[in-house]
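Below, each chain spelled out in residue letters.
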Amino acid sequence: MKDKVHFSPVILDPNTANRWLYLSDDLTSVRHGDTEQKLPDNPERYSTFTHVLGSEGFGSGKHSWEVEVGDHPDWNVGLAKESVDRYREKVPSPEYGIWCLDHGCGKYVNCVGKPLRLQKNPQRIRVQLDYDGGEVSFYNSEDMTHIYTHRDTFTEKLLPYFGVGKSVGSTTTDIEVCQSEVSLRCSEM
């Protein structure tokens, strides 16, 4: 017997979400709201920037997931080290423990602030982590065009990282982690 199950490779952690961010009930998408929510002031929560982290981190191995960004005008996707400072936040960069692809003001920028020239605007981004090999790579999921790779030495657990600005002027309001299909086989005993 074979069945296909849909699952999300990344679940968002509501305890880390900035008060302006609204997460879906299944914790797989996030949008910037019009009002600030009244949420507990826990130490995991981002206080300044509108960021949220994944609930599970990676300390070894290879991992990948895709994020539907559509035509959203302002977002970051990537990874952050578990100990990233969530109160006195700095601009996302490896220096402060964040490796990401940034899109804003119609431009794409890598995690060290270098502008990137893309042939077309990706609707879906693939984030790939090779923890042991020290690489974070970003691809346009539509045709697997390589956007850029950052090489570094990782020394602690890394969590999926998302930054979401306002969606003014776009049809896409939510940034969504894409579901994957897994085939299950039941064997006879």
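Along each chain, numbering runs from 1 in the same order as the chain's sequence is written. Restriction of local features to residues with pLDDT of at least 70 applies here, the model being predicted, together with a cutoff of 80 or more for giving and counting side-chain atom pairs; totals for whole chains, interfaces and linings are based on all residues. Each side-chain value is worked out from all heavy atoms of the structure, with water and hydrogens disregarded.

In the annotation of an unreviewed UniProt entry, the protein is listed under the name Nuclear factor 7, brain-like and assigned to Parambassis ranga.

**Focus: unusual backbone geometry**
Here Cys105, not a glycine, exhibits a phi torsion of approximately 55 degrees, which is positive. Secondary structure is summarised from DSSP: a helix means a run of H or I of at least four residues, a strand means a run of E of at least two, and numbering begins at the N terminus for each. Relative to the helices and strands, Cys105 is located in the loop between strand 7 (98-104) and strand 8 (107-109). Of the residues examined, Cys105 reaches a relative accessible area of 79% and is grouped as exposed. Even without being a glycine, Met144 presents a positive backbone phi close to 60 degrees. For Met144, the location among the structural elements is in the loop between strand 11 (135-140) and strand 12 (145-151). Each residue is placed in one exposure class: buried if its accessible area under a 1.4 Å probe, protein chains only, is under 20% of its type's maximum, exposed if it is over 50%, and partly exposed if it falls in between.

**A few points about the pairing of strand 14 (residues 174-177)**
Side chains Ile175 and Val177 of strand 14 all project onto a buried face; the interleaved residues Asp174 and Glu176 project onto a face where none is buried. A pair of strands counts as paired when DSSP detects no fewer than two bridges linking them. Inspection of the sheet shows strand 5 (residues 62-68) paired to strand 14 by 2 bridges, in the antiparallel sense. Note that in strand 14 the partner of Val67 across the bridge is Val177.

**Here we look at the pattern of salt bridges**
For this analysis, a salt bridge means a side-chain nitrogen from Lys or Arg found within 4 Å of a carboxyl oxygen belonging to Asp or Glu. One pass over the full model with this rule turns up 7 salt bridges. Linking Arg126 and Glu66 is a salt bridge whose minimum nitrogen-to-oxygen distance equals 2.8 Å. Here Glu66 lies in strand 5 and Arg126 lies in strand 10 (residues 124-130), a separation of 60 residues in the sequence. On the basis of relative accessibility, which here comes to 17%, the residue Glu66 falls in the buried class. Here Glu68 and Arg124 are joined by a salt bridge, their closest N and O atoms 3.0 Å apart. Taken together, the residues span a long stretch of sequence, with Glu68 in strand 5 and Arg124 in strand 10 at a distance of 56 residues. A relative accessible area of 26% places Glu68 in the partly exposed class. Among the charged side chains, a salt-bridge network with shared partners connects Glu66, Glu68, Arg124 and Arg126.

**Considerations on the environment of His103**
Within the secondary structure layout, His103 lies in strand 7. Residue classification places His103 among the buried positions, given a relative accessible area of 8%. Each C-alpha atom of the pair His103 and Asn121 lies 9.9 Å from the other, and the pair is 18 residues apart in sequence. Sequence-distant contacts of His103, that is, excluding residues within four places in its chain, are made with His72, Pro73, Asp74, Trp75 and Tyr108. Only heavy atoms enter the contact rule, under which two residues are in contact if any of them lie within 4.5 Å.

**A few points about the nonpolar core**
Membership of the largest hydrophobic core comes to 32 residues, with the highest contact counts inside it found for Ile125, Phe138 and Phe162. Put simply, the parts of the chain that give this core at least two residues each are strand 5, strand 6 (75-81), strand 7, strand 10, strand 11, strand 12, strand 13 (158-164) and strand 14. Each residue touching Ile125, except ones within four places of it in the same chain, is listed here: Trp65, Glu66, Val67, Val69, Trp75, Val77, Leu101, Phe138, Tyr139, Ser141 and Ile147. To form a nonpolar core, buried Ala, Val, Leu, Ile, Met, Phe, Trp, Tyr and Cys residues must be joined to one another through side-chain atoms within 4.5 Å. Counting 8 residues, the second largest nonpolar core, distinct from the first, contains Leu53, Cys100, Leu159 and Tyr161.

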